[in-house]
Amino acid sequence: HFGLPGQARAHLLNAHRLSPTKQSILYALGTFYMGIDQMTDARDTFRQAYELDTSNNTAAVYYASAMISLDQMEQARLFLQSHFEDPRAAEDAFLQAAVSASNWQQVINVLRTRVSQEPVNMDDLYNLAAAYNQIGDNNSAISVLERMIEIDPSFRATGEAYIQQIRSSVSQ
């Protein structure tokens with residue numbers, strides 16, 4: 001039903017009516033709402049999916065991503081902290097939800113905090129460089145990649161390739 005959102009919505013709502021406890025249908029409906037920028041409907045749909053099984057981490061992340069899309073950062077963070085016992089797992093889920101919501105500034109905020117606490121974490125540094133690149137802050141992305149090369153010389157070839165790729169995309 002690509003290009004026919006009214007029909008897609010009708011089919012998803014009918015599927016939900018037929019299988020009201022099936023989370024996957026609610027995920028599809030919530031994702032549909034996000035795709036047509038109906039974030040309140042998305043949040044409410046993902047909340048309904050979460051309430052069907054409050055132990056489901058995927059449902060929690062979907063729900064939080066819709067909250068983030070509605071600029072409800074603190075509510076999303078508090079919700080995830082209450083859902084996950086481990087603070088790092090809650091932060092990981094917040095990060096995943098922010099990426100899903102394409103809220104790159106929140107992604108950058110979380111990753112900068114992590115990198116300040118653990119300056120040689122290559123995964124967080126790489127993700128930070130990617131987030132900077134996503135918002136077009138190429139100088140910061142390159143700076144992070146250069147730092148990664150200093151930390152781990154075996155990353156040099158890969159890091160320089162990424163830097164070249166960023167520089168060539170700017171010059172196009």
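As the structure is a prediction and not an experimental result, all values here were calculated from the model. (Residues numbered from 1 in each chain as written. Predicted model: local features only at pLDDT ≥ 70, side-chain atom pairs only at ≥ 80, totals over all residues. Heavy atoms only, no water.)

(A) View of the packing of helix H1 (residues 5-18) against helix H2 (residues 23-35). Look at H1 against H2: their axes get within 9 Å of each other, and the N-to-C directions meet at 155°. Taken together, the axes of H1 and H2 are roughly antiparallel relative to one another. The element H1 and its partner H2 pack so that their crossing is left-handed. Counting all contacts with H1, which are made through Pro5, Ala8, Arg9, Leu12, Leu13, Ala15 and His16, the residues of H2 involved are Ile25, Leu26, Ala28, Leu29, Phe32 and Tyr33. (Axes fitted to C-alpha atoms, helices over the stretch in contact; angles between N-to-C directions. Helix = DSSP H or I, 4+ residues; strand = E, 2+ residues; numbered from the N terminus. Parallel < 35°, antiparallel > 145°, perpendicular 65-115°, else oblique. Left-handed = near helix turned anticlockwise from the far one by under 90°. Contact = heavy atoms within 4.5 Å.)

(B) Quick peek at unusual backbone geometry. The backbone of aspartate 37 shows a phi angle near 65°, a positive value even though the residue is not glycine. Counting through the fold element by element, aspartate 37 comes out in the loop between H2 and helix H3 (39-52). Aspartate 37 sits in the exposed class, given a relative accessible area of 59%. The backbone of serine 102 shows a phi angle near 55°, a positive value even though the residue is not glycine. Mapped onto the fold, serine 102 is located in the loop between helix H6 (87-100) and helix H7 (104-117). Serine 102 gets classed as partly exposed once you look at its relative accessible area, which sits at 46%. (Buried < 20%, exposed > 50% of the residue type's maximum accessible area, 1.4 Å probe, protein only.)

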